[in-house]
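One-letter residues, chain by chain:
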Amino acid sequence: MRAILLALLLGSLTACVQSPTGRSQVLLFSENDMQRLGEQSFAQLKEQETVSKDRALNGYVQCVTNQLVAELSGGGQWEVVLFDSNQVNAFALPGGKVGVYTGLLRVANTQDQLAAVIGHEIAHVLARHSNERVSRTQLANIGLSAADTALGQSGIRQPAMAALGLGVQVGYLLPYGREQEAEADRLGLELMARAGFDPQQAVTLWRNMAAAESGNQPPELLSTHPSHGTRIQGLSTLLPQASNLYMQARAQGKQPACAR
């Protein structure tokens, strides 16, 4: 009986909730729930990680993020923190939080390439992918009866943070699915193009990522993402439409000038 009720609820949720691209989603938590979890997780990371004091690099990352956020409905100011670490990684969290690791700046060589990464991570937030993953975690591990209180239980804090895209940081890998990654690629590419960043540089960025891979240990950003070949092929397919958005943005005078 419980299995039947679960199936019915899943079917209802799938039919009622859609992502920005029209994909069906199962979301059990409110935006306020996810914002609270994002803020708590971000605060915890700022305590655990070393925050960079390099004013120039902080300003650079903030500049790129501001250009992207300006294209979002509602806009607003997102909190951006640059972590001093060799990790080749970045993330965005519900509640308007962006974290970038200085190691990424050795691979993302230009403002456009950095925008490709940050735009992709922001797209995960826009498409409510973390809510999807937290919801799936609850449905799989503790059942529907506990879903409404799950976010407040310390027992699932680690997997919940992993569901926000912080798997590497908390040592608990819970990667996004292929559909979510493809969706974030599409939305992120469109976002960077609308902001006036060259979408072609997204392909260059992922080639840089592939080159940065050494031995059996890929950059952290690659460890929870599809292979670079798959990523490059998918982005290349999306380039014609994104290039049109880019040309429109440039014609409107959007010419980001974020200096390191």
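Student: Could you give an account of the packing of helix H3 (residues 55-69) against helix H4 (residues 111-126), naming the residues involved and the relevant values?
Tutor: Where H3 meets H4, the axes come as close as 10 Å, and the angle between the chain directions of the two elements is 60°. Classified by the angle their axes make, H3 and H4 are oblique. Between H3 and H4 lies a crossing of right-handed hand. Between H3, through Tyr-60, Val-61, Val-64, Thr-65, Leu-68 and Val-69, and H4, the contact on the second element is made entirely by Gln-111, Leu-114, Ala-115, Ile-118, Gly-119 and Ile-122. A per-class count over the contact of H3 with H4 returns nine nonpolar, three polar and no charged.

Student: Got a sec to walk through the packing of H4 against helix H8 (residues 200-212)? Specific residues and values, please.
Tutor: Relative orientation and spacing of two packed helices are given, respectively, by the angle between their axes and the distance between those axes. Two elements in contact, H4 and H8, have axes separated by 8 Å at closest approach and are oriented at 85°. On the basis of their axis angle, the class for H4 and H8 is roughly perpendicular. Contacts from Asp-112, Gln-113, Ala-116 and Val-117 of H4 reach H8 at Gln-201, Ala-202, Thr-204, Leu-205 and Asn-208. The residue makeup of the contact of H4 with H8, split by class, is four nonpolar, four polar and one charged.

Student: Provide a residue-level description of the environment of Arg-136, including the pertinent values.
Tutor: Inspection of the secondary structure puts Arg-136 in helix H5 (residues 129-141). Once the C-alpha coordinates of Arg-136 and Val-26 are considered, the two residues, 110 residues apart in sequence, prove to be 7.7 Å apart. Setting aside anything within four residues of it in sequence, one finds Arg-136 in contact with Arg-23 and Gln-180.

Student: So what's going on with the nonpolar core? Which residues, and what values?
Tutor: Core analysis: the biggest nonpolar cluster contains 43 residues, and Leu-68, Leu-114 and Ile-122 have the highest contact counts within it. Listed by contribution, the elements that provide at least two residues to this core are H3, strand E1 (79-83), strand E2 (90-93), strand E3 (97-101), H4, helix H7 (178-194), H8 and helix H10 (228-251). It is H4 that provides the largest number of residues to this core, a total of seven residues. Each residue touching Leu-68, except ones within four places of it in the same chain, is listed here: Ala-115, Ile-118, Gly-119, Ile-122, Leu-191, Met-192, Ala-195 and Phe-197. Grouped together as the second largest cluster of nonpolar side chains are seven residues, Phe-42, Leu-45, Phe-91 and Leu-93 included.

Calculation rules
- Residues numbered from 1 in each chain as written.
- Predicted model: local features only at pLDDT ≥ 70, side-chain atom pairs only at ≥ 80, totals over all residues.
- Heavy atoms only, no water.
- Axes fitted to C-alpha atoms, helices over the stretch in contact; angles between N-to-C directions.
- Helix = DSSP H or I, 4+ residues; strand = E, 2+ residues; numbered from the N terminus.
- Parallel < 35°, antiparallel > 145°, perpendicular 65-115°, else oblique.
- Left-handed = near helix turned anticlockwise from the far one by under 90°.
- Contact = heavy atoms within 4.5 Å.
- Nonpolar A, V, L, I, M, F, W, Y, C, P; charged D, E, K, R; others polar.
- Core = buried A, V, L, I, M, F, W, Y, C linked by side-chain atoms within 4.5 Å.
- Buried < 20%, exposed > 50% of the residue type's maximum accessible area, 1.4 Å probe, protein only.

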